Amino acid sequence: MTFQDKHVPMANAIRSLSMDAVEAAKSGHPGLPMGAADVATVLFTQFLKFDPADPTWPDRDRFVLSAGHGSMLLYSLLHLIGVEDVTLDELKRFRKLGSKTPGHPEFGHTAGVETTTGPLGQGIATAVGMALAERLMAAEFGSEVVDHFTYVLASDGDLMEGISQEAIALAGHLRLSKLIVLFDDNGISIDGPLSLSDSVDQVARFKAAGWDAVRVDGHDPVAVAKAIEAARKAERPTLVACKTTIGYGSPNRAGTSKAHGEPLGADELAASKAKLGLSAEAFHVPADVLEAWRSVGRRSAVERQSWAGRLSALDAGKRKEFERRIAGEAPAALGEAVAKLKAKLVAEPVTVATRKASEMALEVITEAMPELVLGSADLTPSNNTKTKNLAVVKPGELAGRYVHYGIREHGMAAAMNGMALHGGIVPAGATFMVFTDYCRPAIRLSALMEQRVVYVMTHDSIGLGEDGPTHQPVEHLAALRAIPNLRVFRPADAVETAECWELALTSTSAPSVLALTRQNLRPVRTAAVSGNACAAGAYELSPAKGAAKVSIFASGSEVEIALDAQALLAERGIAARVVSVPCLDLFLSQPDAAREAVIGDAPVRVAVEAGLRMGWDQVIGEKGIFVGMTGFGASAPYKELYAHFGITAAAVADKAAARLA
């Protein structure tokens, strides 16, 4: 049997299963799996290093289906090569509640899915982070145990999304040669021919970004194989633009937008199968074809076993460190380093911005946690994220721990997802808080995928001052808190900042945002306490002298305002207590009894935060007093802005006293 004789029925098995699953679900996208089946078959049968018996094997090649709408391509492949999760019954349950085959691939839900895709552009940008992590880990642990490729199947839509430019520019600059993008160049979008909206020469575009790029016939397996083989030897990342026909095999829909996002229908399905020479029986794969695919699945077992031997041969200390990092376990030294820093800060209090306090914490944390890789979207001097001990990641020198992402906030956030998903790396990247708007789709995916990614967001309020309302976050804290499974930390001083960093780095199933100030804050944690006071999200910082009439809740830079208001109320004979709320999300997730104990029973509750009220009613109630922002900021020195917007100790005290009167 010739190569072509084997290839055609194997590729057609993907088409058949994909058509049937979409038809059974009465929704989905058959066009991409039908069109890209030849490309995927070449990749999986000849190149991809992946063992279905161990889908999380650290040195496997990564395959990212950036065009997540074509999920049946991936599910068909995983079933055919023998991934236990993806049975034929699961294919029949495509898009059904609780199935292993959701509408778009979801990381952690289906074995063999490397990242959640669907929002176009996220997959290719995430893959850049995977490829970078592979190089960083190889530099540290050696090519004997880290030596794999990252492959991406991307659509026209992926490459039209703006994030793709950020991603390919970064990958080209860093010369991530083990990143190979297979472009399903079918010339069709939902609206119709791609020419309606786009005329970019993608090959020229990628070359301009520092990539190798070639065009091939995506239905010629020999040409596709030669292009991939060349890409694997290249010194730069490679784009292989594979010219394909969407809905390949469909007599009446191939090459049209009608093949993209809806079932073919019974008649067209039957006609397509007849044209491709396939059985009319639903979900049927001939035994010899299935066995050919299963033999592909078994191919990498020998490589995995060989890798296990090489891992065992490593120096015991190096092997233990590799295994710890792949397992995602924080080093014991982290807690010790944070405890020592806190003790020093209590003994020698400092008045600094929390962005500076973050830098102080990172100076000790980076020594204790070698897997922590930092970076900034071209705001390093403002974000204070580069510590003295970190070498810069450079083209040809992919061995450092600090990444200059350039002015690519969205690309940075997605790349950090990829680094976290790869394993062995804990990424933290920074920009201004207001630019979380540019990062939000990737932040949302961090939370959805339960990845330990740390977003260091400085200049967190009107406290940044003169740059004005374009740069002053107002709605951002509320907007970020609205994302499920995202921890938003807003520390009040250097001690809380250290504690928040510890919590972010030990959280293995949720990303974190550290909202940090530009302006200096005086220390509010002046006494040593055991454990991490920020761990519950809120705690009583300053108790009332006597029975409390007022409870003041505040986060970040407004905690010192709350303490001053407490003193003003005391002068009026009103007992007040202050509760610091460094993480509202964590606090609201506490058991009812614990939460109620911190909230207390004072008749007046006040929340103080230089943001919007949204979210605080769960603490102070609908009738509680909120002192904060109700609109956008303004350009002025920050102290003038706080006075102008009424976020002052006097305002807090006056409103609380008036409520008691």
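Bear in mind that the values here come from a model prediction, so they are computed numbers and not experimental data.

Reading guide: rules and limits
Residues numbered from 1 in each chain as written. Predicted model: local features only at pLDDT ≥ 70, side-chain atom pairs only at ≥ 80, totals over all residues. Heavy atoms only, no water. Helix = DSSP H or I, 4+ residues; strand = E, 2+ residues; numbered from the N terminus. Rg over C-alpha atoms; globule rule 2.2 N^0.38 Å. Contact = heavy atoms within 4.5 Å. Areas by Shrake-Rupley, 256 points an atom, 1.4 Å probe, with all protein chains shown as cover. Pairing = 2+ DSSP bridges. Axes fitted to C-alpha atoms, helices over the stretch in contact; angles between N-to-C directions. Expected span 1.5 Å × (residues − 1). Disulfide = S-S within 2.5 Å. Parallel < 35°, antiparallel > 145°, perpendicular 65-115°, else oblique. Left-handed = near helix turned anticlockwise from the far one by under 90°. Nonpolar A, V, L, I, M, F, W, Y, C, P; charged D, E, K, R; others polar. Buried < 20%, exposed > 50% of the residue type's maximum accessible area, 1.4 Å probe, protein only. Right-handed = clockwise from strand over helix to strand, strands pointing away. Phe/Tyr/Trp six-rings, centres within 6.5 Å; stacked < 30°, edge-to-face > 60°. Lys NZ or Arg CZ within 6 Å of the ring centre and 35° of its normal. Core = buried A, V, L, I, M, F, W, Y, C linked by side-chain atoms within 4.5 Å. Salt bridge = Lys/Arg side-chain N within 4 Å of Asp/Glu carboxyl O.

Looking only at helices and strands, the chain has 26 helices and 20 strands in total. The C-alpha radius of gyration of the chain comes to 28 Å, within 12% of the 26 Å expected for a compact globule of 661 residues. In terms of its C-alpha atoms, the chain occupies a principal-axis envelope of roughly 95 × 55 × 45 Å. If you take every contact in the chain between residues at least 6 apart in sequence, the share linking residues at least 24 apart comes to 77%. For the chain, the computed accessible surface area is about 24200 Å², with 52% contributed by carbon and sulfur atoms.

Read from one edge to the other, the open sheet built from five strands follows the order 1-2-3-7-6, with strand pairing classed as parallel. The outermost strands of the open sheet, each flanked by one partner alone, are strand 1 (62-65) and strand 6 (212-217). Across the sheet, the mean angle separating the axes of adjacent strands is 20 degrees when strand polarity is ignored. Bridge analysis of strand 6 against strand 7 (residues 238-243) gives six bridges, and the strand direction is parallel. Bridging across to strand 7, Ala213 finds its partner in Leu239. Sheet contacts for helix 9 (residues 221-232): strand 2 (150-154), strand 3 (179-185), strand 6 and strand 7; angle to strand 6, the most-contacted strand, approximately 165 degrees.

With that settled, consider helix 14 (residues 332-347). For helix 14, built from 16 residues, the straight-helix expectation of 22 Å at 1.5 Å per residue is met to within 8% by its first-to-last C-alpha distance of 24 Å. In this structure, the buried side of helix 14 is in contact with helix 15 (354-368) and helix 20 (494-506).

Here the focus is the state of the cysteines. Applying the stated criterion to the full structure yields zero disulfides. Distance from the sulfur of Cys583, which forms no disulfide, to the nearest cysteine sulfur (Cys500) is 7.3 Å.

Axis separation between helix 5 (residues 122-141) and helix 17 (residues 409-422) bottoms out at 6 Å; the angle between their running directions is 55 degrees. With respect to helix 17, the element helix 5 is oriented oblique. Considering the relative orientation of helix 5 and helix 17, their crossing is right-handed. For the pair helix 5 and helix 17, the contacting residues are Gln122, Ala125, Thr126, Gly129, Met130, Leu132, Ala133, Glu134, Leu136 and Met137 in the first and His410, Ala414, Ala415, Asn417, Gly418, Met419, Leu421 and His422 in the second. Of the residues in the contact of helix 5 with helix 17, the class split is 10 nonpolar, seven polar and one charged.

Considering the arrangement of structural elements, one finds Glu90 in helix 4 (residues 88-92). Not counting residues up to four positions away in its chain, the partners in contact with Glu90 are Asp85, Ser99, Lys100 and Thr101.

What follows covers the pairing of strand 7. Among the six residues in strand 7, five count as buried, and that is most of the element. Bridge count between strand 3 and strand 7: six bridges; the pairing is parallel. Bridging across to strand 7, Asp185 finds its partner in Lys243. Crossover connection from strand 6 via helix 9 to parallel strand 7: handedness right-handed.

A separate point is the side chain of Gln202. With respect to the helices, strands and loops of the structure, Gln202 is situated in helix 8 (residues 202-208). Setting aside residues up to four positions removed in sequence, Gln202 forms contacts with Leu159, Phe183 and Leu239.

Take the packing of aromatic side chains next. We describe a pair of aromatic rings using the distance from one ring centre to the other and the angle between the two ring planes. Counted according to the given criterion, the structure contains 10 aromatic pairs. Judged by centre distance (6.1 Å) and plane angle (15 degrees), the ring pair of Phe432 and Phe435 falls under stacked. Each of the two residues, Phe432 as well as Phe435, counts as buried. The ring of Phe149 carries the charged tip of Lys178 above its face, separated from the ring centre by 4.7 Å.

Looking now at the sheet that holds strand 12 (residues 454-458). Strands sit in the order 10-9-11-12-14-13 across an open sheet of six strands; the sheet is parallel. Only two strands of the sheet have a single partner each, and these edge strands are strand 10 (402-404) and strand 13 (487-489). In this sheet, adjacent strand axes meet at a mean angle of 20 degrees when their direction is disregarded. Inspection of the sheet shows strand 9 (residues 372-376) paired to strand 11 (residues 426-432) by five bridges, in the parallel sense. In the strand pairing of strand 11, Leu372 is matched with Val426. Against the sheet, helix 15 makes contact with strand 9, strand 12 and strand 14 (512-516), and its axis sits at roughly 150 degrees relative to strand 9, the strand it touches most.

What follows concerns unusual backbone geometry. Located in the positive-phi region is Arg95, a residue other than glycine, with phi close to 70 degrees. Residue placement: Arg95 occurs in the loop between helix 4 and helix 5. Accessibility expressed as a relative area gives 31% for Arg95, which makes it partly exposed.

With that settled, the discussion passes to the nonpolar core. Ranked by size, the top nonpolar core spans 72 residues in total, and within it Leu132, Leu176, Leu179 and Trp211 carry the most contacts. Among the elements that take part in this core, helix 5 stands out by supplying 12 residues, more than any other. With residues near it in sequence (within four places) discarded, Leu176 still touches Val128, Ala131, Leu132, Arg135, Ala171, Arg236, Pro237 and Leu398. Counting residues in hydrophobic clusters, the runner-up holds 69 residues, among them Ile365, Ala554, Leu569 and Val578.

On to the environment of Ser189. Note that Ser189 resides in strand 4 (residues 188-189). Along the primary structure Ser189 and Val64 are separated by 125 residues, whereas in three dimensions their C-alpha atoms are 20 Å apart.

Using the criterion set out here, one finds 31 salt bridges in the structure. Residue Lys273 pairs with Asp20 through a salt bridge whose shortest N-O separation is 2.9 Å. Of this pair, Lys273 sits in helix 10 (residues 266-276) while Asp20 sits in helix 1 (residues 3-25), and the two are 253 residues apart along the sequence. Looking at Asp20, the relative accessible area reads 4%, which means it is buried. Its salt-bridge partner being Glu499, residue Arg525 comes within 2.7 Å of it at the nearest N-O pair. Separated by 26 residues along the polypeptide, Arg525 in the loop between strand 15 (520-521) and strand 16 (539-542) and Glu499 in helix 20 bring together distant segments of the chain. Like Glu499, Arg525 is buried. One network of salt bridges, in which partners are shared, links Glu134, Arg135, Asp147 and Lys178.

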